[in-house]
Amino acid sequence: MKGAPRSDQFDDIYFSAQDGLAETRHVFMQGNGLPDFWQDKPTFTIAETGFGTGLNFLCAWKEFVETADPSQRLDFVSFEKFPLSVAEVHNALKPWAEELGEYTQKLIESYPIRIGGFHRIVFDDRVALTLIFGDVNEYIPELEAKVDCWFLDGFTPAKNPDMWSETLFQNMARLSAQNSRFATFTAAGDVKRGLQAAGFSVSKTDGFGRKRDMLVGSYEGGEKEVRSSRPKKVAVIGGGLAGTACAYTLKQYGFVPVIYEASSSLASGASGNAVGLFNTRFAALRDTESEFFNSAYAQIIRTAKQADAIDYHVTGTLHLVNNETKEQRYDKMFKNWHWHEDHIQLLSKEQASEVAGVELDHRALYLIDAGALCPAKLCEFYARGIDVHLNHKVESLTDIEADAYVLANAFGAKDLTDQFLSEVDGLPVYNVRGQVSIVDSSERLKHLKANICYGGYVSTSASGQQVVGSTFKKWINHTDVLDEDDQENIKYLKDSISALSKEMMNIKGARAGMRLSSQDHFPIVGKVPELDNVYSSVAFGPHGIVGSIAAAHLIADQLRGGPYSLPARTVKQLNAQRFIDRAQKKNPH
């Protein structure tokens with residue numbers, strides 16, 4: 001083939017100009033003894049350095065489908081510091097359209113937006129891809145997995161020496177299952193010595209094409225993986241966003257979820273709003289919390305694109321830089337988060353006004369892929385094909401039979417766990433009442449081209465109406481609609497956007513709901529301490545649309561024993577154990 005794609009960063013080609021697919025089969029498939037090596041393994045995990053065009057993944061995926069038993073499952077984990085665009089990936093793979101076209105199209109349809117962090121894509125109940133956009137030396141220490149074989153790709157050590165590091169080799173050893181294997185196109189002495197120092201046996205074999213040698217080897221030092229029986233039926237307590245997202249995701253991985261909802265309908269609580277904006281949660285630095293919300297933001301975008309009948313609209317969202325705290329936070333965030341400019345921009349007041357369709361008083365951070373959807377309809381979509389028990393309040397987990405349980409019933413999760421988490425008096429959570437107001441699209445409001453967030457928010461027009469929200473009152477414990485809250489929402493909007501200060505806004509309706517938050521304002525997700533086979537997915541605050549889908553994938557990973565879809569430190573921070581650890585540190589026995 002001619003014209004193999006070339007990296008601008010490393011001035012090197014992504015694959016052999018002779019035949020990239022033949023190179024993949026020779027170096028990585030044959031070099032690792034595939035497909036024979038994955039035979040008789042219920043689950044098989046491949047980890048790769050350098051996703052590039054995705055050619056290696058597509059080759060492995062196709063071979064797995066054609067040769068593995070239908071009961072086997074493949075996890076593919078890959079790192080990529082400089083992700084290509086969808087168009088670049090598509091163009092690079094055109095030479096193999098006939099052979100890989102079906103698989104390429106599925107990858108293109110699910111390819112993540114180019115923001116740093118972990119991205120999980122589930123293609124069916126057999127094949128899952130975890131794409132990690134970022135420096136492998138930064139992220140591989142955060143990976144939790146048991147790897148059966150390694151595709152050491154990436155660019156040549158002469159042009160990309162930083163990747164081929166002691167950090168990489170030592171973490172390969174940490175993550176390798178017993179008798180795991182590796183293969184790489186290079187025969188560089190530094191790579192050979194680094195792998196040997198980490199405990200790998202290394203040998204040379206014939207390279208591909210004009211390359212005389214390549215390296216292959218194995219790792220015998222890993223612990224033999226003891227696989228516990230995989231649960232089948234999972235009881236999901238709660239029929240809001242958290243519960244239905246869990247059920248939807250668990251079904252993707254081949255589990256049999258059953259939803260138990262206390263009320264007479266799904267999305268009866270705060271998840272029942274007609275319009276909900278989806279955004280990440282902002283922080284100045286990339287930390288444990290931003291890793292969660294950024295991954296979740298990208299995940300909901302991929303999920304919503306593949307859903308139907310959820311009133312999904314990508315309008316972009318402008319976040320006004322309207323106080324000193326936001327000045328500092330947004331500027332640092334823009335520099336530190338490593339998002340591609342296709343997905344985030346810092347706009348001047350004039351640029352932001354042009355995007356908004358109305359004159360604004362401040363510059364803004366612009367999330368280009370953000371938008372709105374209907375949370376209630378999203379819950380209905382998630383629950384399609386799922387066994388749902390309405391009017392079924394679970395007083396005790398012994399009331400229902402299942403192999404595992406997910407507590408996704410907001411404050412009800414506290415009631416079900418209080419007696420077990422005595423050190424912290426149960427889950428440290430509280431309800432926050434929020435009310436949104438629905439207004440007719442006035443003369444200026446109807447021209448909004450993007451959602452605007454300013455502390456509150458206003459959506460773009462849909463069917464002649466717009467949503468203005470939301471109040472935040474943790475001292476009110478009912479969901480009756482309050483006129484004063486409507487007035488508060490409207491006043492906040494007019495005070496924040498002076499061009500709307502004289503606009504007449506006719507309130508057509510309102511809805512109030514309770515959103516659950518935790519003591520430290522971070523969700524509580526994962527295995528519940530002191531309880532076997534019980535997991536939680538609660539306390540997302542105003543970020544339920546986004547957070548619930550990422551939480552669902554993590555719980556699925558923990559149930560199936562697969563690679564985690566989030567960094568290890570984020571997984572630890574999400575767990576309820578953090579409150580017990582703090583309590584013990586504060587009051588040691």
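See above for the structure.
Attention in this report is confined to the structure presented alongside it. (Residues numbered from 1 in each chain as written. Predicted model: local features only at pLDDT ≥ 70, side-chain atom pairs only at ≥ 80, totals over all residues. Heavy atoms only, no water.)

### Regarding the packing of helix α8 (residues 241-252) against helix α15 (residues 544-560)
Where α8 meets α15, the closest approach of the two axes is 8 Å, and the angle between their N-to-C directions is 40°. Here α8 lies oblique to α15, going by the angle between them. For the element pair α8 and α15, the recorded crossing hand is right-handed. Where α8 approaches α15, its residues Leu241, Ala242, Ala245, Cys246, Tyr248, Thr249, Leu250 and Gln252 are matched on the opposing element by Gly544, Ile545, Ser548, Ile549, Ala552, His553, Ile555, Ala556 and Leu559. Split by residue class, the contact of α8 with α15 holds 12 nonpolar, 5 polar and no charged. (Axes fitted to C-alpha atoms, helices over the stretch in contact; angles between N-to-C directions. Helix = DSSP H or I, 4+ residues; strand = E, 2+ residues; numbered from the N terminus. Parallel < 35°, antiparallel > 145°, perpendicular 65-115°, else oblique. Left-handed = near helix turned anticlockwise from the far one by under 90°. Contact = heavy atoms within 4.5 Å. Nonpolar A, V, L, I, M, F, W, Y, C, P; charged D, E, K, R; others polar.)

### Some thoughts on helix α9 (residues 288-306)
Since the α-helix packs 3.6 residues into each turn, any two residues three or four apart lie on the same face. For α9, which comprises 19 residues, the first-to-last C-alpha distance of 28 Å matches the rise-based estimate of 27 Å (1.5 Å per residue) to within 8%. With 16 of 19 residues buried, α9 lies mostly within the body of the structure. Between the side-chain oxygen at the start of α9 and the backbone nitrogen of Glu289 there is a gap of 3.2 Å, and the oxygen is on Asp287. (Expected span 1.5 Å × (residues − 1). Buried < 20%, exposed > 50% of the residue type's maximum accessible area, 1.4 Å probe, protein only. Polar contact = N/O pair within 3.5 Å; in protein donor to acceptor, adjacent residues only side chain to side chain.)

### Looking at the sheet that holds strand β13 (residues 276-278)
An order of β13-β18-β14 is seen for the 3 strands of this open sheet, with the pairing classed as antiparallel. Of all strands in the sheet, those with a lone pairing partner are β13 and β14 (313-314), marking the two edges. In the sheet, β13 pairs with strand β18 (residues 371-373) via 3 bridges, with the strands oriented antiparallel. Its bridge partner being in β18, Gly276 is matched across the sheet by Leu373. (Pairing = 2+ DSSP bridges.)

### What about unusual backbone geometry?
Note that the residue after Leu34, namely Pro35, is joined by a cis bond; omega there is 15°. Following the sequence through the fold, Pro35 ends up in the loop between α1 (20-30) and β3 (43-49). Cis geometry marks the peptide bond from Gly469 to Ser470, where omega comes out at -20°. Residue placement: Ser470 occurs in the loop between β24 (465-469) and α14 (483-496). Positive phi is not limited to glycine here, since Asp311 has a value of about 55°. Residue position: Asp311 is located in the loop between α9 and β14.

### Looking at empty space enclosed by the protein
A full pass over the atoms with the stated rule returns 2 cavities of 30 Å³ or more. What the largest cavity holds in volume is close to 70 Å³. For the largest cavity, the full set of lining residues is Arg73, Leu74, Asp75, Val122, Asp124, Asp125, Arg126, Val127, Ala128, Arg230, Tyr253 and Arg560. Among the elements of the structure, β4 (73-80) and β6 (127-133) are those that each provide at least two residues to the lining of the largest cavity. (1 Å grid on protein atoms, 1.4 Å probe; cavity = no way out; pocket = protein on both sides within 12 Å on 5 of 7 lines; lining within 4 Å. Points joined across faces, edges and corners; volume = space filled by probe spheres on them.)

Everything listed is a geometric property; what it means functionally is a separate question.
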